[in-house]
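Chains, contacts and geometry: an overview
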Amino acid sequence: MSKFKKKRGAASPQVSTASLPDIIFMLLFFFMVVTVLRDSEQKVTVRTPEASELTKLQQKSLVNHILIGKPKEKFQDQYGTRPRIQLGDSFKNVADIPLFLEKHKVKVPEALRPRIKSSLKVDGDVTMGIVQDVKEMLRKSGQLAINYSARPTQRRR
Amino acid sequence: MARKTSRSRMSNEVNAGSMADIAFLLLIFFLVTTTIDVDKGITVKLPPWSEDEPDITRLKKRNVFSILVNAQNQLLVRGEPMRVADLRENTKEFIANPRKMENLSEAPTKALISLKNDRGTKYSKYIEVYNEITAAYNELWDDLALKMYGVPYSDDLDVAKRKAIRDQIPKVLSEAEPTAFGEEN
(Lines give C-alpha, C1' and ligand atoms only; values in the text may rest on other atoms or scores of the structure.)
Protein backbone atom coordinates (compact mmCIF):
# COMPACT_ATOMS: atom_id res chain seq x y z
CA MET A 1 0.00 0.00 0.00
CA SER A 2 2.68 2.43 0.95
CA LYS A 3 4.39 1.71 -2.34
CA PHE A 4 1.45 2.93 -4.36
CA LYS A 5 1.07 6.07 -2.34
CA LYS A 6 4.67 6.97 -2.85
CA LYS A 7 4.48 6.64 -6.61
CA ARG A 8 1.42 8.78 -6.91
CA GLY A 9 3.01 11.49 -4.89
CA ALA A 10 6.13 11.58 -7.03
CA ALA A 11 4.48 11.77 -10.46
CA SER A 12 3.72 15.30 -11.57
CA PRO A 13 -0.02 15.77 -11.88
CA GLN A 14 0.13 18.01 -14.97
CA VAL A 15 -0.08 16.82 -18.53
CA SER A 16 3.07 17.67 -20.39
CA THR A 17 2.55 20.57 -22.74
CA ALA A 18 5.96 20.26 -24.30
CA SER A 19 4.52 18.83 -27.52
CA LEU A 20 1.87 21.53 -27.82
CA PRO A 21 4.14 23.92 -29.74
CA ASP A 22 4.90 21.17 -32.22
CA ILE A 23 1.22 20.57 -32.83
CA ILE A 24 0.55 24.26 -33.25
CA PHE A 25 3.52 24.65 -35.56
CA MET A 26 2.19 21.82 -37.67
CA LEU A 27 -1.11 23.66 -38.03
CA LEU A 28 0.75 26.88 -38.69
CA PHE A 29 2.77 25.37 -41.51
CA PHE A 30 -0.37 23.84 -42.98
CA PHE A 31 -2.01 27.23 -43.15
CA MET A 32 1.12 28.90 -44.47
CA VAL A 33 1.28 26.39 -47.31
CA VAL A 34 -2.42 26.55 -48.08
CA THR A 35 -2.59 30.34 -48.04
CA VAL A 36 -2.56 31.97 -51.41
CA LEU A 37 -1.85 35.60 -50.91
CA ARG A 38 -3.87 37.77 -53.20
CA ASP A 39 -1.49 38.97 -55.88
CA SER A 40 -3.63 41.72 -57.28
CA GLU A 41 -5.82 44.37 -55.79
CA GLN A 42 -9.42 44.30 -56.90
CA LYS A 43 -10.23 47.62 -58.50
CA VAL A 44 -13.76 46.97 -59.62
CA THR A 45 -16.79 46.13 -57.53
CA VAL A 46 -17.92 42.64 -58.31
CA ARG A 47 -20.90 41.00 -56.71
CA THR A 48 -21.39 37.83 -58.67
CA PRO A 49 -24.94 36.57 -59.21
CA GLU A 50 -26.34 33.52 -57.50
CA ALA A 51 -26.65 30.17 -59.20
CA SER A 52 -27.15 26.58 -58.18
CA GLU A 53 -25.48 24.48 -60.87
CA LEU A 54 -21.91 25.21 -59.96
CA THR A 55 -18.69 23.41 -60.61
CA LYS A 56 -15.51 23.97 -58.69
CA LEU A 57 -12.52 25.42 -60.42
CA GLN A 58 -9.64 23.01 -60.00
CA GLN A 59 -6.00 24.02 -59.92
CA LYS A 60 -5.68 27.73 -59.39
CA SER A 61 -2.55 28.01 -61.50
CA LEU A 62 -4.55 27.05 -64.59
CA VAL A 63 -7.12 29.78 -64.13
CA ASN A 64 -6.94 33.36 -65.29
CA HIS A 65 -9.39 35.91 -63.99
CA ILE A 66 -11.26 38.52 -65.95
CA LEU A 67 -13.17 40.95 -63.78
CA ILE A 68 -15.93 43.19 -65.05
CA GLY A 69 -17.70 45.74 -62.92
CA LYS A 70 -17.95 49.35 -61.89
CA PRO A 71 -14.64 50.92 -60.84
CA LYS A 72 -14.36 51.33 -57.09
CA GLU A 73 -15.04 54.75 -55.66
CA LYS A 74 -11.44 55.93 -55.47
CA PHE A 75 -10.92 55.15 -59.16
CA GLN A 76 -14.18 56.68 -60.33
CA ASP A 77 -12.89 60.19 -61.05
CA GLN A 78 -10.27 58.66 -63.29
CA TYR A 79 -12.16 55.83 -64.91
CA GLY A 80 -15.80 56.82 -64.61
CA THR A 81 -18.70 54.77 -63.36
CA ARG A 82 -19.36 52.64 -66.41
CA PRO A 83 -18.39 48.98 -66.07
CA ARG A 84 -14.77 48.32 -66.91
CA ILE A 85 -12.61 45.27 -67.41
CA GLN A 86 -9.85 44.49 -64.95
CA LEU A 87 -7.08 42.16 -66.06
CA GLY A 88 -4.34 41.41 -63.58
CA ASP A 89 -4.22 44.54 -61.45
CA SER A 90 -5.13 47.28 -63.90
CA PHE A 91 -8.02 48.50 -66.00
CA LYS A 92 -7.85 47.22 -69.54
CA ASN A 93 -9.88 47.15 -72.72
CA VAL A 94 -11.32 44.25 -74.66
CA ALA A 95 -8.42 44.48 -77.12
CA ASP A 96 -5.91 43.73 -74.34
CA ILE A 97 -7.37 40.30 -73.61
CA PRO A 98 -5.30 38.24 -76.12
CA LEU A 99 -2.02 39.55 -74.68
CA PHE A 100 -3.24 38.92 -71.14
CA LEU A 101 -4.14 35.33 -72.02
CA GLU A 102 -0.79 34.81 -73.73
CA LYS A 103 1.11 36.16 -70.72
CA HIS A 104 -0.69 33.74 -68.46
CA LYS A 105 -0.19 30.89 -70.89
CA VAL A 106 3.61 31.11 -70.99
CA LYS A 107 3.72 30.56 -67.23
CA VAL A 108 1.88 27.25 -67.54
CA PRO A 109 3.69 24.05 -68.54
CA GLU A 110 2.97 23.16 -72.13
CA ALA A 111 1.23 19.87 -71.36
CA LEU A 112 -1.34 21.61 -69.18
CA ARG A 113 -2.13 24.48 -71.51
CA PRO A 114 -5.25 22.93 -73.05
CA ARG A 115 -6.75 22.85 -69.57
CA ILE A 116 -6.47 26.58 -68.96
CA LYS A 117 -9.76 28.15 -67.98
CA SER A 118 -10.90 31.72 -67.88
CA SER A 119 -12.94 32.72 -64.89
CA LEU A 120 -15.30 35.57 -65.65
CA LYS A 121 -16.11 37.46 -62.49
CA VAL A 122 -18.85 39.79 -63.57
CA ASP A 123 -21.03 41.99 -61.42
CA GLY A 124 -24.69 41.07 -61.58
CA ASP A 125 -25.79 44.56 -62.56
CA VAL A 126 -23.54 44.80 -65.60
CA THR A 127 -25.37 44.58 -68.91
CA MET A 128 -24.54 41.88 -71.41
CA GLY A 129 -22.95 44.18 -74.01
CA ILE A 130 -19.49 44.28 -72.47
CA VAL A 131 -19.72 40.62 -71.46
CA GLN A 132 -20.57 39.75 -75.04
CA ASP A 133 -17.55 41.65 -76.35
CA VAL A 134 -15.30 39.83 -73.89
CA LYS A 135 -16.80 36.48 -74.88
CA GLU A 136 -16.22 37.24 -78.53
CA MET A 137 -12.62 38.20 -77.89
CA LEU A 138 -12.09 35.01 -75.89
CA ARG A 139 -13.44 32.98 -78.78
CA LYS A 140 -11.18 34.79 -81.22
CA SER A 141 -8.21 34.08 -78.95
CA GLY A 142 -9.09 30.40 -78.81
CA GLN A 143 -9.84 30.45 -75.09
CA LEU A 144 -13.05 28.45 -75.17
CA ALA A 145 -13.27 26.99 -71.67
CA ILE A 146 -14.76 29.62 -69.43
CA ASN A 147 -16.45 29.74 -66.08
CA TYR A 148 -19.05 32.27 -65.07
CA SER A 149 -18.20 32.86 -61.45
CA ALA A 150 -21.24 32.73 -59.18
CA ARG A 151 -22.24 32.37 -55.56
CA PRO A 152 -24.02 29.21 -54.53
CA THR A 153 -27.72 29.13 -53.69
CA GLN A 154 -29.77 26.35 -52.28
CA ARG A 155 -30.35 23.72 -54.92
CA ARG A 156 -34.08 23.64 -55.46
CA ARG A 157 -35.30 20.14 -56.10
CA MET B 1 16.03 14.68 -0.32
CA ALA B 2 18.19 13.63 -3.24
CA ARG B 3 15.11 13.36 -5.43
CA LYS B 4 14.01 16.86 -4.59
CA THR B 5 17.29 18.42 -5.69
CA SER B 6 17.19 16.60 -9.02
CA ARG B 7 13.67 17.91 -9.65
CA SER B 8 14.66 21.49 -8.98
CA ARG B 9 17.56 21.12 -11.35
CA MET B 10 15.23 19.85 -14.07
CA SER B 11 13.12 22.98 -13.80
CA ASN B 12 16.13 25.00 -14.82
CA GLU B 13 15.37 24.15 -18.47
CA VAL B 14 14.03 26.90 -20.68
CA ASN B 15 10.32 27.09 -20.23
CA ALA B 16 8.78 25.94 -23.48
CA GLY B 17 5.28 26.66 -22.34
CA SER B 18 5.17 30.09 -23.94
CA MET B 19 6.26 28.63 -27.24
CA ALA B 20 2.71 27.44 -27.74
CA ASP B 21 1.44 30.98 -27.20
CA ILE B 22 3.81 32.39 -29.80
CA ALA B 23 2.84 29.71 -32.28
CA PHE B 24 -0.81 30.34 -31.53
CA LEU B 25 -0.35 33.99 -32.29
CA LEU B 26 1.17 33.21 -35.66
CA LEU B 27 -1.50 30.63 -36.34
CA ILE B 28 -4.29 33.08 -35.62
CA PHE B 29 -2.63 35.66 -37.84
CA PHE B 30 -2.59 33.24 -40.74
CA LEU B 31 -6.12 32.06 -40.02
CA VAL B 32 -7.37 35.62 -40.23
CA THR B 33 -5.46 36.58 -43.35
CA THR B 34 -6.20 33.40 -45.26
CA THR B 35 -9.06 33.52 -47.69
CA ILE B 36 -9.73 30.02 -48.83
CA ASP B 37 -12.15 31.17 -51.47
CA VAL B 38 -13.03 28.22 -53.61
CA ASP B 39 -13.89 29.58 -56.98
CA LYS B 40 -17.15 28.22 -58.17
CA GLY B 41 -19.18 28.95 -61.22
CA ILE B 42 -21.04 27.70 -64.23
CA THR B 43 -18.59 26.12 -66.64
CA VAL B 44 -19.28 26.80 -70.27
CA LYS B 45 -17.57 25.77 -73.46
CA LEU B 46 -17.73 28.46 -76.10
CA PRO B 47 -17.94 27.58 -79.77
CA PRO B 48 -14.79 28.23 -81.77
CA TRP B 49 -14.66 31.46 -83.71
CA SER B 50 -14.96 31.38 -87.46
CA GLU B 51 -15.02 34.25 -89.86
CA ASP B 52 -17.25 32.67 -92.47
CA GLU B 53 -20.98 32.74 -92.34
CA PRO B 54 -22.43 29.74 -90.60
CA ASP B 55 -24.27 27.20 -92.71
CA ILE B 56 -27.94 27.71 -92.62
CA THR B 57 -29.43 24.51 -91.41
CA ARG B 58 -33.12 24.14 -91.47
CA LEU B 59 -34.41 22.72 -88.25
CA LYS B 60 -37.90 21.54 -87.61
CA LYS B 61 -39.70 24.11 -85.57
CA ARG B 62 -40.73 21.55 -82.98
CA ASN B 63 -37.10 20.73 -82.21
CA VAL B 64 -36.08 24.27 -81.36
CA PHE B 65 -36.66 25.79 -77.96
CA SER B 66 -36.00 29.45 -78.43
CA ILE B 67 -35.46 31.70 -75.43
CA LEU B 68 -35.27 35.43 -75.90
CA VAL B 69 -34.35 37.81 -73.11
CA ASN B 70 -34.92 41.47 -73.79
CA ALA B 71 -33.36 44.57 -72.29
CA GLN B 72 -36.13 44.74 -69.69
CA ASN B 73 -35.05 41.29 -68.49
CA GLN B 74 -38.25 39.69 -69.72
CA LEU B 75 -38.38 36.24 -71.20
CA LEU B 76 -40.01 35.18 -74.42
CA VAL B 77 -39.99 31.42 -74.80
CA ARG B 78 -41.24 30.05 -78.12
CA GLY B 79 -43.18 33.23 -78.67
CA GLU B 80 -44.82 33.24 -75.25
CA PRO B 81 -43.82 35.27 -72.21
CA MET B 82 -42.63 33.12 -69.33
CA ARG B 83 -41.33 33.50 -65.82
CA VAL B 84 -37.82 32.26 -65.07
CA ALA B 85 -39.25 30.06 -62.34
CA ASP B 86 -41.16 28.04 -64.94
CA LEU B 87 -38.27 27.76 -67.35
CA ARG B 88 -36.68 24.68 -65.87
CA GLU B 89 -39.79 22.49 -65.96
CA ASN B 90 -40.66 23.64 -69.45
CA THR B 91 -37.16 22.98 -70.71
CA LYS B 92 -37.16 19.52 -69.20
CA GLU B 93 -40.50 18.72 -70.72
CA PHE B 94 -39.38 20.01 -74.09
CA ILE B 95 -36.21 17.90 -74.14
CA ALA B 96 -37.62 14.68 -72.74
CA ASN B 97 -41.11 15.03 -74.20
CA PRO B 98 -42.54 12.27 -72.02
CA ARG B 99 -46.05 12.51 -73.41
CA LYS B 100 -44.87 12.56 -77.03
CA MET B 101 -46.47 15.89 -77.76
CA GLU B 102 -46.60 17.10 -81.32
CA ASN B 103 -45.07 20.47 -80.60
CA LEU B 104 -42.17 19.35 -78.41
CA SER B 105 -38.88 17.77 -79.49
CA GLU B 106 -38.94 14.48 -81.43
CA ALA B 107 -36.17 13.03 -79.32
CA PRO B 108 -33.69 14.40 -76.75
CA THR B 109 -30.93 13.94 -79.35
CA LYS B 110 -32.68 16.30 -81.71
CA ALA B 111 -33.60 18.97 -79.20
CA LEU B 112 -31.86 22.31 -79.47
CA ILE B 113 -32.00 25.19 -77.04
CA SER B 114 -31.50 28.57 -78.61
CA LEU B 115 -30.68 31.46 -76.34
CA LYS B 116 -30.63 35.03 -77.45
CA ASN B 117 -30.32 38.12 -75.32
CA ASP B 118 -29.96 41.82 -75.75
CA ARG B 119 -26.86 43.87 -75.10
CA GLY B 120 -28.90 45.65 -72.47
CA THR B 121 -29.90 42.48 -70.63
CA LYS B 122 -28.62 42.34 -67.09
CA TYR B 123 -25.87 39.82 -66.51
CA SER B 124 -27.62 38.45 -63.44
CA LYS B 125 -30.70 37.64 -65.52
CA TYR B 126 -28.60 35.97 -68.16
CA ILE B 127 -26.91 33.80 -65.53
CA GLU B 128 -30.30 33.00 -64.00
CA VAL B 129 -31.59 31.77 -67.35
CA TYR B 130 -28.37 29.92 -68.09
CA ASN B 131 -28.53 28.33 -64.67
CA GLU B 132 -32.07 27.09 -65.26
CA ILE B 133 -31.11 25.50 -68.58
CA THR B 134 -28.06 23.86 -67.01
CA ALA B 135 -30.24 22.68 -64.13
CA ALA B 136 -32.76 21.17 -66.55
CA TYR B 137 -30.04 19.13 -68.24
CA ASN B 138 -28.47 18.15 -64.91
CA GLU B 139 -31.81 16.90 -63.64
CA LEU B 140 -32.48 14.92 -66.80
CA TRP B 141 -29.02 13.38 -66.60
CA ASP B 142 -29.61 12.59 -62.95
CA ASP B 143 -32.87 10.82 -63.73
CA LEU B 144 -31.33 8.83 -66.55
CA ALA B 145 -28.29 7.89 -64.47
CA LEU B 146 -30.55 6.71 -61.65
CA LYS B 147 -32.54 4.61 -64.09
CA MET B 148 -29.52 3.12 -65.83
CA TYR B 149 -26.97 2.75 -63.04
CA GLY B 150 -28.87 3.48 -59.85
CA VAL B 151 -26.67 6.44 -58.95
CA PRO B 152 -27.12 10.13 -59.67
CA TYR B 153 -25.10 11.77 -62.39
CA SER B 154 -21.89 13.27 -61.10
CA ASP B 155 -18.25 13.67 -61.97
CA ASP B 156 -17.51 10.56 -59.91
CA LEU B 157 -19.29 8.41 -62.47
CA ASP B 158 -17.17 6.46 -64.99
CA VAL B 159 -16.27 8.35 -68.12
CA ALA B 160 -17.91 5.69 -70.27
CA LYS B 161 -21.12 5.83 -68.29
CA ARG B 162 -21.18 9.60 -68.39
CA LYS B 163 -20.64 9.50 -72.11
CA ALA B 164 -23.46 7.00 -72.55
CA ILE B 165 -25.80 9.36 -70.73
CA ARG B 166 -24.66 12.40 -72.62
CA ASP B 167 -25.09 10.55 -75.89
CA GLN B 168 -28.70 9.91 -75.05
CA ILE B 169 -29.36 13.46 -73.91
CA PRO B 170 -26.79 15.71 -75.53
CA LYS B 171 -26.61 19.29 -74.38
CA VAL B 172 -27.09 21.44 -77.43
CA LEU B 173 -27.24 25.10 -76.57
CA SER B 174 -26.80 27.66 -79.24
CA GLU B 175 -26.28 31.30 -78.39
CA ALA B 176 -27.19 33.77 -81.05
CA GLU B 177 -25.57 37.13 -81.60
CA PRO B 178 -27.36 39.47 -79.20
CA THR B 179 -29.60 42.27 -80.35
CA ALA B 180 -28.70 45.85 -79.49
CA PHE B 181 -31.98 47.52 -78.67
CA GLY B 182 -31.54 48.14 -74.98
CA GLU B 183 -29.40 50.63 -73.19
CA GLU B 184 -26.08 49.47 -71.82
CA ASN B 185 -24.68 50.74 -68.57
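For the structure given in this document, a descriptive report is provided here. Keep in mind it's a predicted model, so treat the numbers as computed, not measured.

Each helix and strand in chain A was counted, giving five helices and nine strands. Shown N-terminal to C-terminal, the secondary structure of chain A runs as helices and strands in the order α-α-β-β-β-β-α-β-β-α-β-α-β-β. Across the 157 residues in chain A, those meeting the buried criterion constitute 38%. By sequence separation, contacts in chain A at least 24 residues apart represent 72% of the contacts at least 6 residues apart. Surface accessibility of chain A: about 10100 Å² in total, with carbon and sulfur atoms responsible for 55%.

This brings us to the sheet that holds strand β2 (residues 64–69) of chain B. All names here are of chain B. The five strands lie next to each other as β4-β3-β2-β5-β6, forming an open sheet whose pairing is mixed. Unpaired on one side and paired on the other, β4 (80–82) and β6 (173–175) mark the two borders of the sheet. Mean inter-strand twist for the sheet, computed between neighbouring axes without regard to direction, equals 25°. As defined by bridge partners, β2 adjoins strand β5 (residues 112–117) across six bridges and the pair is classed as parallel. Pairing of S66 across the sheet is with S114, part of β5. Sheet contacts for helix α3 (residues 84–96): β2, β3 (75–77), β4 and β5; angle to β2, the most-contacted strand, approximately 165°. The strands touched by helix α4 (residues 123–149) are β2, β3, β5 and β6; relative to β5, the strand with the most contacts, the crossing angle is about 175°.

Unlike most non-glycine residues, Q59(A) shows phi in positive territory, near 50°. Structurally, Q59(A) is set in the loop between β3 (55–56) and β4 (63–71). Of note in this structure, N97(B) is not a glycine but carries a positive phi near 45°. On the secondary structure map, N97(B) appears in the loop between α3 and β5. Taking the relative accessible area as the measure of exposure, N97(B) reaches 2% and is therefore buried.

So, about the interface of chain B and chain A. Each side of the interface is counted separately: chain B has 50 residues, and chain A has 56 residues. Carbon and sulfur atoms supply 59% of the area that chain B and chain A bury against each other, a total of about 5100 Å² over both sides. Between chain B and chain A we count 23 residue pairs in polar contact (both at pLDDT 80 or more) in total. Counting residues per element, the ones that place at least two in the side of chain B that touches chain A are α2 (17–33), β1 (40–45) and α4 of chain B. For the side of chain B that touches chain A, the element with the highest residue contribution is α4(B), accounting for 11 residues. Residue classes in the side of chain B that touches chain A are distributed as 22 nonpolar, 12 polar and 16 charged. Pairing of β3(A) with β1(B), which is carried by two bridges, proceeds in the antiparallel orientation. Bridge pairing links T55(A) to G41(B) in β1(B).

Take a nonpolar patch on the surface next. On the surface, L20(A), I23(A), L27(A), F24(B), I28(B), L31(B) and V32(B) cluster together to form a nonpolar patch covering roughly 590 Å² of accessible area. Going through the elements one at a time, α2 (20–34) of chain A together with α2 of chain B are the ones with two or more residues in the nonpolar patch. Of the residues forming the nonpolar patch, the biggest block, four residues, is contributed by α2(B). Mapping L31(B) onto the fold places it in helix α2. Judged by its relative accessible area of 41%, L31(B) falls in the partly exposed class.

Time to look at the side chain of Q132(A). Here Q132(A) lies in helix α5 (residues 128–140). Other than its neighbours up to four places away in sequence, Q132(A) contacts R119(B) and P178(B).

The rules we used
- Residues numbered from 1 in each chain as written.
- Chains lettered and ligands numbered in written order.
- Predicted model: local features only at pLDDT ≥ 70, side-chain atom pairs only at ≥ 80, totals over all residues.
- Heavy atoms only, no water.
- Helix = DSSP H or I, 4+ residues; strand = E, 2+ residues; numbered from the N terminus.
- Buried < 20%, exposed > 50% of the residue type's maximum accessible area, 1.4 Å probe, protein only.
- Contact = heavy atoms within 4.5 Å.
- Areas by Shrake-Rupley, 256 points an atom, 1.4 Å probe, with all protein chains shown as cover.
- Pairing = 2+ DSSP bridges.
- Axes fitted to C-alpha atoms, helices over the stretch in contact; angles between N-to-C directions.
- Buried area = accessible area lost by both parts, 1.4 Å probe.
- Polar contact = N/O pair within 3.5 Å; in protein donor to acceptor, adjacent residues only side chain to side chain.
- Nonpolar A, V, L, I, M, F, W, Y, C, P; charged D, E, K, R; others polar.
- Patch = residues over 30% accessible without salt bridge, like charges linked within 9 Å, V, L, I, M, F, W, Y side chains within 5 Å.
- Salt bridge = Lys/Arg side-chain N within 4 Å of Asp/Glu carboxyl O.

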